[in-house]
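Here's the letter readout for the chains.
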Amino acid sequence: MNNADLLSIAKQFGGPLYVYDAEKIKFQYNRLSNAFSGVKNLKLNYATKALSNISVLSYIQKLGAGLDTVSIQEVRLGLAAGFEPHTIIYTPNGVSLNEIEEVAALGVQINIDNLSILEQFGSKYPKTPVCIRINPHVMAGGNSNISVGHIDSKFGISIHQIPHLKRITENTKMNINGIHMHTGSDILDIDVFLHASEILFETAKHFKDLSFIDFGSGFKVPYKTGDIETNIEELGERLTVKFNEFCKEYGRELTLAFEPGKFLVSEAGYFISKVNVVKQTTSTVFAQIDSGFNHLIRPMFYGSYHEIENISNPEGRERFYSVVGYICETDTFGSNRKISEINEGDFLSFKNAGAYCQTMASNYNSRFRPAEVLWINEEAHLIRKEETFDDILHNQVVLDFSELI
Ligand SMILES: *Cc1c(COP(=O)(O)O)cnc(C)c1O
């Protein structure tokens, strides 16, 4: 899809708006599958939390993916989108035993990441297949907010606790069918990832009845031209060799699983918003859009870079702008950005808005969360309506103070 398509969608639906390109999701899915075509049993479980619109989930299900979930609500969304329970993996962190029991009862693959719950769950349900999330203590990415495999991380069972882990699984005689790691986002160094995979293989040797090994996700996607991204093709080639060697040694053909979120949907998404005000100050030119970090929190939350284009005036002379939102506190999308000349009323497009944008949106400042559109076969389909004032009031209880004061 191109900027002219985006502009016509913006004119049809108005802004602010999230737009997703189905072709791009499919392209990325096939790219990852092809990179691992040398593995006999490959399973790609899409990480729901990146973008959880039910129509997007349903589309990804039709591509052949499974689903990675982190809450029982995501599990329910997945089931509603048409995923079979056995194609869903549930990888929560720090949730109650109660919730894990409920999810297991739905027939979904459980993944446990702490010894306390493992011991309790294994004692109660020794027959239920359980995957174990290991923390290999490898720092895969550069951003400490989204890097989850390092030594101080709250995620996973430490590899240094393997003796205790084995004591629990042996005493409970529980059914361990998978080993998992997810080292966080922004994998740049394939050698580091492969090193973590070696640790996972070593751990896997302790368990005799595995059916899969799950390497999580964290593939880095490009945000602007010249950005380094995870070389998926090289990773595919090198990990395939290691995985197939391991299966030989293990004596069984295991399934290799991944849980891509960003990799599948980040670049497929665009966030579109109209410019309300162009404001010259003594130091810069602000372009103030009809949105804020309530709709796209990533720049303010962890300094993410989203390329911004003026799709209303693509041929205009480029100038430097600070693009800011309407939220009543610092609300900056980008400073000193070179963008073709902006006039009030123009539509700006923010790239890489497929992952962790709509799913992190809020009603801060009592604004509505925007609509979502899926672009498929050269046509725009509304897949979520913009909220209305009723949604803002919904669930709020107006007290009768004549009784209270
Ligand atoms: C968030 C998450 C993912 C997806 O990570 P991306 O960086 O978006 O690919 C995969 N697995 C688990 C367990 C996660 O929590």
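Note that this is a predicted model, so its numbers are computed, not measured. (Residues numbered from 1 in each chain as written. Predicted model: local features only at pLDDT ≥ 70, side-chain atom pairs only at ≥ 80, totals over all residues. Heavy atoms only, no water.)

Topic: the packing of aromatic side chains
Condition: Two rings belonging to Phe, Tyr or Trp (six-membered ring only in the last case) form a pair when the distance between their centres is within 6.5 Å. Interplanar angles under 30 degrees mark stacking, angles over 60 mark edge-to-face geometry, and anything in between is tilted. Helix and strand definitions here come from DSSP, where helices need a minimum of 4 consecutive H or I residues and strands a minimum of 2 consecutive E residues; each element is numbered from the N-terminal end. Burial classification: accessible surface area is computed with a 1.4 Å probe over protein chains only, and a residue below 20% of its type maximum counts as buried, one above 50% as exposed, and the rest as partly exposed. Geometrically, a lysine NZ or arginine CZ counts as sitting over a ring once it is within 6 Å of the ring centre and also within 35 degrees of the ring normal.
Across all of its chains, the model carries 15 aromatic pairs by this definition. Judged by centre distance (5.4 Å) and plane angle (65 degrees), the rings of F219 and F258 are edge-to-face. Of the two residues, F219 is situated in the loop between β9 (212-214) and α9 (232-250) and F258 in strand β10 (residues 255-258); the sequence distance between them amounts to 39 residues. Like F258, F219 is buried. Note on F293 and Y364: the rings are 5.7 Å apart at their centroids and 20 degrees apart in plane angle, and the pair reads as stacked. Taken together, the positions of F293 in the loop between β12 (285-289) and α11 (298-302) and Y364 in the loop between β16 (347-350) and β17 (371-376) put the pair 71 residues apart, joining distant regions of the chain. Owing to a relative accessible area of 36%, Y364 belongs among the partly exposed residues under this scheme. Feature note: the residues F36, F193, F201, F215, F219, F243, F246, Y250, F258 and F263 constitute an aromatic cluster, connected by ring pairs. One Lys or Arg, R337, reaches over the ring of Y305 and ends 3.9 Å from the middle of that ring. Here the guanidinium or amino end of R367 rests over the ring plane of Y326, the centre of that ring lying 4.2 Å away.

Things to note about the environment of E329
Rules: Working rule for contacts: check all heavy atoms of both residues, and any pair within 4.5 Å makes them a contact.
Inspection of the secondary structure assignment puts E329 in the loop between β14 (318-324) and β15 (332-340). With relative accessibility at 43%, the residue E329 sits in the partly exposed group. Note: C-alpha distance between E329 and G292 (37 residues apart in sequence) is 9.9 Å. With residues up to four places along the chain from it excluded, the contact list for E329 reads F293 and Y364.

Focus: the environment of P126
As for its placement among the helices and strands, P126 is situated in the loop between α6 (115-124) and β6 (129-135). Judged by relative accessible area, which is 30%, P126 ranks as partly exposed. Counting along the chain gives 72 residues from P126 to I54, while the straight-line C-alpha distance between them is 33 Å. In this structure, P126 is in contact with T172, K173, M174 and N175, ignoring residues within four places of it in sequence.

Notes on the packing of α6 against helix α7 (residues 162-172)
Which entries qualify depends on this criterion: Here an axis means a line fitted to C-alpha atoms, over the contact stretch when the element is a helix, while the angle between two N-to-C directions is reported on a 0 to 180 degree scale. An angle below 35 degrees is read as roughly parallel, one above 145 as roughly antiparallel, one from 65 to 115 as roughly perpendicular, and any other as oblique. When residues are sorted by character, Ala, Val, Leu, Ile, Met, Phe, Trp, Tyr, Cys and Pro go into the nonpolar class, Asp, Glu, Lys and Arg into the charged class, and all the rest, Gly among them, into the polar class.
Contact geometry of α6 with α7 gives a least axis separation of 9 Å together with a crossing angle of 10 degrees. Between α6 and α7, the crossing angle belongs to the class labelled roughly parallel. For the pair formed by α6 and α7, the contact residues are L115, L118, E119, G122 and S123 on the first element and H164, L165, I168, T169 and T172 on the second. Considered class by class, the residues forming the contact of α6 with α7 number four nonpolar, five polar and one charged.

Some thoughts on the nonpolar core
Just so we agree on the cut-off: As used in this record, nonpolar core signifies buried Ala, Val, Leu, Ile, Met, Phe, Trp, Tyr and Cys residues forming a set joined through side-chain atoms within 4.5 Å. Where a domain begins and ends is set by an automatic assignment or by a domain database.
Within the largest apolar cluster, 100 residues are counted, with the highest numbers of intra-cluster contacts made by F215 and V323. Counting residues per element, this core draws most heavily on helix α8 (residues 190-204), which supplies eight residues. Here this core spans two domains, since at least three of its residues come from each of domain 1 (22-265) and domain 2 (269-387). The residues contacting V323, other than those within four sequence positions of it, are A287, I289, I308, T332, F333, G334, I339, L348 and F350.

Here's the deal with the pairing of strand β11 (residues 269-280)
To keep things clear, this is the line we draw: Any two strands with at least two DSSP-identified bridges between them are counted as paired.
Pairing analysis gives four bridges linking strand β1 (residues 17-21) to β11, with the strands arranged antiparallel. Residue pairing in the sheet places L17 in a bridge with I272 of β11. Pairing analysis gives four bridges linking β11 to β16, with the strands arranged antiparallel. Bridging from a neighbouring strand, K274 pairs with F347 of β16. Where β11 meets β12, five bridges bridge the pair, whose relative direction is antiparallel. Across the sheet, residue Q280 finds its bridge partner in β12, namely V285. Adjacent in sequence and paired antiparallel, β11 and β12 are bridged by four residues.

Here we look at the domain arrangement of the protein
Note the cut-off: Values labelled buried area give the accessible surface lost by two parts on being combined, using a 1.4 Å probe and summing over both. A carboxyl oxygen of Asp or Glu within 4 Å of a side-chain nitrogen of Lys or Arg is what we treat as a salt bridge. Polar contact is defined as a pair of N or O atoms within 3.5 Å, subject to the rule that within protein one atom must be able to donate a hydrogen and the other to accept it, and that residues adjacent in sequence are counted only when both atoms are side-chain atoms.
Structurally, the protein comprises domain 1 (22-265) and domain 2 (269-387). Using only C-alpha atoms to locate each centre, domain 1 and domain 2 end up separated by 32 Å. Contacts between the two partners involve 19 residues from domain 1, matched on the other side by 17 residues from domain 2. Of the roughly 1,600 Å² buried between domain 1 and domain 2, counting both surfaces, carbon and sulfur atoms make up 54%. Ranking the residues of domain 1 by area buried against domain 2 places A22, N53 and Y223 at the top, with a combined share of 32%. Linking domain 1 to domain 2 there are zero salt bridges. Summed over the shared surface of domain 1 and domain 2, the number is nine residue pairs in polar contact (both at pLDDT 80 or more).

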